[in-house]
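Understanding the architecture of this molecule
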Amino acid sequence: KDLSAPDRHTFIQGDICDTALVNRIFSESSIDTVAHFAAETHVDRSILGPAEFIQTNIVGTFTLLEAARTHWLDYRGASPEKKRFHHVSTDEVYGTLLPDAPDWTEDTPYDPSSPYSAAKASSDHLVRAYHRTYGLPVSITNCSNNYGPYQFPEKLIPLFILNAVQGRPLPVYGDGQQIRDWLYVEDHCEAILRVMTDGIVGQTYNIGGNNQPPNLVVIEQICAILDEMLPQSPFAPHKDLIKYVADRPGHDRRYAIDITKITTDLGWHPRQSLESGLQKTIDWYLGNPDWVSSIQSDTEFEIWIQKNYSNRGEGK
Ligand code: TYD
């Protein structure tokens, strides 16, 4: 109901591993484009329980590819060029970078570190194989760390915004000097749309926000924005809530993504700086307390927080 034209949309809740359901949707609707976002995405969850990552990310992608192959390539009268299977992936497939190593390009060999990134790498390989083997019209994007409205508060930015507002500790893994590239979610969506409409079939495009600060800088920026917005808060200055905790096993030290290809070939550029994107994100989390409490009151979320943080040792 929040969409601008809800009658142009159909929502079907289902599992991408459900072959019968996926095939029924392909049979009943004349689908010409798949934008495949569905995945298990949280590295910490993949460390504590990898099975779901193998199932959703690998088997789920395989299920969608098989349905597209069956329904599109056997379809007489429509050329496969009028179809597109777009696969949304991650820069984490490239592994980790030493401090002076060049940024990842689309040609960097895959070297994933976690069960999450290994499962995404595997799904990327399947998508490429369906293009080379069957001629399925695919494209792939590998993006950096997303943030913005509606992000589940297991990820760094929403978790830290909500913990800071509610006066809970901000659990910094290791020394907090890990580097990520941060991409505002709407910039990411615009880039995906651009690749689906103008990108060349069979190709991969890297997407990033051109922001590569250490985690502690991001965290301090969140705290500074909150100090300014909530000067009366009993938890200000919010950076006093920082608590160093034991590092994530296999923690990738540095991510940096080269976005030359998408900017020069397709003319896409990120619009948000980290500062403007964080401000929009914090405005959204503070302006949507009902959404926040519906997530935080879910027992599954509570169990996750206990599981990941309660037995974590001290850091630094
Ligand atoms: P995260 O949002 O989980 O994304 P990813 O692991 O895909 O990069 O984490 C971003 C960075 O923040 C990463 O270096 C791990 C770190 N981090 C913490 O220090 N504490 C936390 O509680 C979380 C969730 C992440």
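The structure under discussion appears in the preceding block.
Residues numbered from 1 in each chain as written. Predicted model: local features only at pLDDT ≥ 70, side-chain atom pairs only at ≥ 80, totals over all residues. Heavy atoms only, no water.

1. Quick look at the sheet that holds strand 7 (residues 204-207)
As summarised here, the arrangement of the 4 strands in space is 1-2-3-7, forming an open sheet in which the pairing is parallel. With partners counted over all chains shown, the strands left at the sheet margins are strand 1 (33-36) and strand 7, one partner each. For this sheet the average axis-to-axis angle between neighbouring strands, irrespective of direction, equals 15°. Where strand 3 (residues 138-143) lies against strand 7, 4 bridges are found, and the strand directions are parallel. Within the sheet, the bridge partner assigned to Asn142 lies in strand 7 and is Asn206. Contacting strand 1 and strand 2 (84-90), helix 3 (residues 51-73) crosses the sheet at an angle of about 165° to strand 2. (Pairing = 2+ DSSP bridges. Helix = DSSP H or I, 4+ residues; strand = E, 2+ residues; numbered from the N terminus. Axes fitted to C-alpha atoms, helices over the stretch in contact; angles between N-to-C directions. Contact = heavy atoms within 4.5 Å.)

2. Notes on the site of the ligand
Neighbouring the ligand are 20 residues; Glu92, Arg180, Arg248, His251 and Tyr309 lie closest to it. Backbone polar atom of Leu156 to an oxygen atom of the ligand: 2.9 Å apart, as the coordinates give it. Between an oxygen atom of the ligand and a side-chain N or O atom of Asn215, the distance comes to 2.9 Å. Here the ligand has 510 Å² of accessible area as a free molecule, and 98% of this is covered by the chains. Every element with two or more residues in the shell around the ligand is listed here: helix 2 (43-48), helix 5 (156-165) and strand 5 (170-173). (Near = heavy atom within 4 Å. Polar contact = N/O pair within 3.5 Å; in protein donor to acceptor, adjacent residues only side chain to side chain. Areas by Shrake-Rupley, 256 points an atom, 1.4 Å probe, with all protein chains shown as cover.)

3. Details of helix 5
Of all 10 residues in helix 5, 8 are buried; the element is thus mostly enclosed. Count one or two residues on from helix 5 and you reach Gly167, which has phi positive near 75°. (Buried < 20%, exposed > 50% of the residue type's maximum accessible area, 1.4 Å probe, protein only.)

4. Things to note about the environment of Ser297
Relative to the assigned elements, Ser297 resides in the loop between helix 10 (289-296) and helix 11 (299-309). With 261 residues separating them in the primary sequence, Ser297 and His36 have C-alpha atoms 29 Å apart. Here Ser294 takes part through its backbone oxygen, which lies 3.4 Å from a polar atom of the side chain of Ser297.

5. Brief notes about the pairing of strand 5
Judged by which residues are buried, strand 5 turns out to be covered on both faces: Leu170 and Val172 on one side and Pro171 and Tyr173 on the other are all buried. Across 4 bridges, strand 5 lies against strand 8 (residues 242-245) in parallel orientation. Following the sheet pairing, Tyr173 is matched in strand 8 by Val245.

6. Some points on the packing of helix 3 against helix 4 (residues 115-134)
As a packed pair, helix 3 and helix 4 sit with axes 8 Å apart at the nearest point and diverge in direction by 15°. With respect to their mutual orientation, helix 3 and helix 4 come out roughly parallel. Relative to helix 4, helix 3 is oriented so that their crossing is right-handed. Contact residues: Phe53, Ile54, Asn57, Ile58, Thr61, Phe62, Leu65, Glu66, Arg69 and Leu73 in helix 3; Tyr116, Ala119, Lys120, Ser122, Ser123, Leu126, Val127, Tyr130 and Tyr134 in helix 4. Tallied by class, residues from the contact of helix 3 with helix 4 come to 12 nonpolar, 4 polar and 3 charged. (Parallel < 35°, antiparallel > 145°, perpendicular 65-115°, else oblique. Left-handed = near helix turned anticlockwise from the far one by under 90°. Nonpolar A, V, L, I, M, F, W, Y, C, P; charged D, E, K, R; others polar.)

7. Brief notes about the environment of Arg69
When you line up the elements, Arg69 lands in helix 3. For the pair Arg69 and Glu302, spaced 233 residues apart in the sequence, the C-alpha separation amounts to 40 Å.

Take it as geometry only, folks, not as evidence of what the structure does.
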